[in-house]
Amino acid sequence: MKAAAFSYARATSVANALELLVAYGDKAKVLSGGQSLIPAMNLRLISPELIVDIGEITELRGIAVRGGVLRVGALTRHVDLLRSPEIAAYAPLLTEAVAHVAHPAIRNRGTLGGSLAHADPAAELPASMVALNATIVVRGQARERRIAARDFFTGIYETALSAQELLIGVELPIAQKSSAHFFHEFARRHGDYAIAGLAAQAIVQGGLFTDLRTAFFAVADRPILAKAATKLINVGITPTVLVEASATLAAELDPQGDQQASAAMRRHLAKILLARCVSTLLGRPDLTPGGTG
Ligand SMILES: Cc1cc2nc3c(=O)[nH]c(=O)nc-3n(C[C@H](O)[C@H](O)[C@H](O)COP(=O)(O)OP(=O)(O)OC[C@H]3O[C@@H](n4cnc5c(N)ncnc54)[C@H](O)[C@@H]3O)c2cc1C
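Read on for a plain summary of the structure. Since the structure is predicted, the reported quantities are computational estimates derived from the model, not experimental observations. (Residues numbered from 1 in each chain as written. Predicted model: local features only at pLDDT ≥ 70, side-chain atom pairs only at ≥ 80, totals over all residues. Heavy atoms only, no water.)

### Overview of the sheet that holds strand E14 (residues 224-225)
Taken in spatial order, the 4 strands line up as E11-E12-E13-E14 in an open sheet, and their pairing is antiparallel. Looking at which strands have only one partner, the edges of the open sheet turn out to be strand E11 (179-186) and E14. When strand E13 (residues 208-217) meets E14, the two strands line up antiparallel, connected through 2 bridges. Each bridged residue has a counterpart across the sheet, and for Phe216 the counterpart in E14 is Ile224. (Pairing = 2+ DSSP bridges. Helix = DSSP H or I, 4+ residues; strand = E, 2+ residues; numbered from the N terminus.)

Laid out in structure tokens, this is it:
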């Protein structure tokens, strides 16, 4: 199937892109890497009147560290994240997560901004942003907004972005010396969207978590920053403490069943992910499901 007829405009600047978005409103769609937009148009799930191609706006590219903040432009491609020494040094969770996004051909074109604006609940990068406590920067003609990642994703393929705004980039606090991260997903094949996944960022001191942000994906309509993790902060973790946190986690998730997994299986996998995360980050094999504890 082919897309319905549409008009095409190559934006020359952020201001130019915003003019077009304001003029066309809901009838326009931004084009970044095209890896989600074009298939959706070809399947006629959406039929925008105008495509606003932002691919040549150089100010939306790049990775920089300034004032203790790592800034990543919206047009930064998945492959650039994967290869970036700055990302590996200051946000290594992202390096690990992006290796699970699709396959090289898609990573060569797909962009960070596109992935976040698309907001697939099973995608790796939105959850990583929530775990990393990122700020998502969006710009409209009148003002720029900075939105905490945990508030940016509002539902399946839904975000706090309006049709007249552009996602400009993200800001990430840089990892501290005592920072640790965990990323794992269950998927049928490497590169597939996850059946259940966890991106986590922690600070570990003296065998305790002094901070733990666990963002689960593919187990609700958006990435979920689990409140269960707060039960694991500044406490000596025993198998009983972990079982209690797992029960809290299961109650706060709202997974959907589909042909890949039932809701019950997704909940079960999320509990396994939490246990593996805690056991890995604390170096405590006794806390692994089926461990010695
Ligand atoms: C076969 C296949 C497998 C895939 N597997 C995975 C996977 O395992 N995990 C995963 O996370 N992703 C996967 N993807 C999706 C891929 O990561 C996409 O690249 C990504 O979701 C969208 O990025 P994009 O730059 O291609 O965005 P586009 O397709 O260009 O745009 C996606 C949406 O975001 C909007 N948008 C784009 N940029 C902006 C912006 N700056 N401001 C406002 N709105 C914007 C567009 O209007 C559109 O609605 C897969 C894709 C394919 C085709």
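From this point, the narrative continues.
### Focus on unusual backbone geometry
Positive phi, close to 70 degrees, is recorded for Ala218, a residue that is not glycine. Mapped onto the secondary structure, Ala218 falls in the loop between E13 and E14.

### Some thoughts on the nonpolar core
In terms of nonpolar packing, the biggest core is built from 39 residues, with Leu94, Leu116, Met129 and Leu172 touching the most fellow members. Of all the elements in the fold, those that place two or more residues in this core are strand E5 (69-73), helix H5 (92-98), helix H7 (112-118), helix H8 (124-131), strand E6 (135-139), helix H9 (149-152), strand E10 (166-173) and E13. For this core, the element with the highest residue contribution is H8, accounting for 5 residues. Residue contacts for Leu94: discarding those within four places in its chain leaves Leu81, Ile87, Leu125, Ser128, Met129, Leu132 and Leu172. Counting 35 residues, the second largest nonpolar core, distinct from the first, contains Phe186, Ala196, Ala202 and Leu242. (Core = buried A, V, L, I, M, F, W, Y, C linked by side-chain atoms within 4.5 Å. Buried < 20%, exposed > 50% of the residue type's maximum accessible area, 1.4 Å probe, protein only. Contact = heavy atoms within 4.5 Å.)

### Overview of the sheet that holds strand E2 (residues 28-31)
In space, the 3 strands of this open sheet follow the order E1-E3-E2, with parallel pairing throughout. Pairing within the sheet leaves two strands with one partner each, and these edge strands are strand E1 (7-10) and E2. The average undirected angle you get between the axes of adjacent strands in this sheet is 25 degrees. Of the strand pairs in this sheet, E2 and strand E3 (residues 50-53) are connected by 4 bridges, and their pairing is parallel. By the bridge assignment, Ala28 is partnered in E3 with Leu50. The strands that helix H1 (residues 14-24) touches are E1, E2 and E3; relative to E3, the one it contacts most, it runs at about 165 degrees. (Axes fitted to C-alpha atoms, helices over the stretch in contact; angles between N-to-C directions.)

### Overview of H8
In terms of burial, H8 is a largely internal element, 8 of the 8 residues being buried. The first or second residue beyond H8 is Asn133, which carries a positive phi of 60 degrees.

### Considering the layout of surface pockets
Reported here for the largest pocket is a volume of approximately 1,300 Å³. Lining the largest pocket we find 48 residues, and of these Ser36, Leu37, Gly114, Ala117 and His118 sit closest to its centre. Secondary structure elements with two or more residues in the lining of the largest pocket: E2, helix H2 (37-42), H7, H8, strand E9 (158-159) and E10. Along the lines of polarity and charge, the residues of the lining of the largest pocket split into 24 nonpolar, 17 polar and 7 charged. (1 Å grid on protein atoms, 1.4 Å probe; cavity = no way out; pocket = protein on both sides within 12 Å on 5 of 7 lines; lining within 4 Å. Points joined across faces, edges and corners; volume = space filled by probe spheres on them. Nonpolar A, V, L, I, M, F, W, Y, C, P; charged D, E, K, R; others polar.)

### Comments concerning the site of the ligand
Taken together, the neighbourhood of the ligand is formed by 29 residues, with Val30, Ser32, Leu37, Thr111 and Glu124 sitting nearest. Measuring from an oxygen atom of the ligand, one finds a backbone N or O atom of Val30 at 2.6 Å. The separation between a nitrogen atom of the ligand and a polar side-chain atom of Tyr193 is 3.1 Å. Taken by itself the ligand offers 980 Å² of open surface, and the protein chains cover 88% of this. A molecule is said to occupy a pocket when more than half its atoms come within 2 Å of that pocket's grid points, and by this definition the ligand occupies the largest pocket. (Near = heavy atom within 4 Å. Polar contact = N/O pair within 3.5 Å; in protein donor to acceptor, adjacent residues only side chain to side chain. Areas by Shrake-Rupley, 256 points an atom, 1.4 Å probe, with all protein chains shown as cover. Sits in = over half its atoms within 2 Å of the grid points.)

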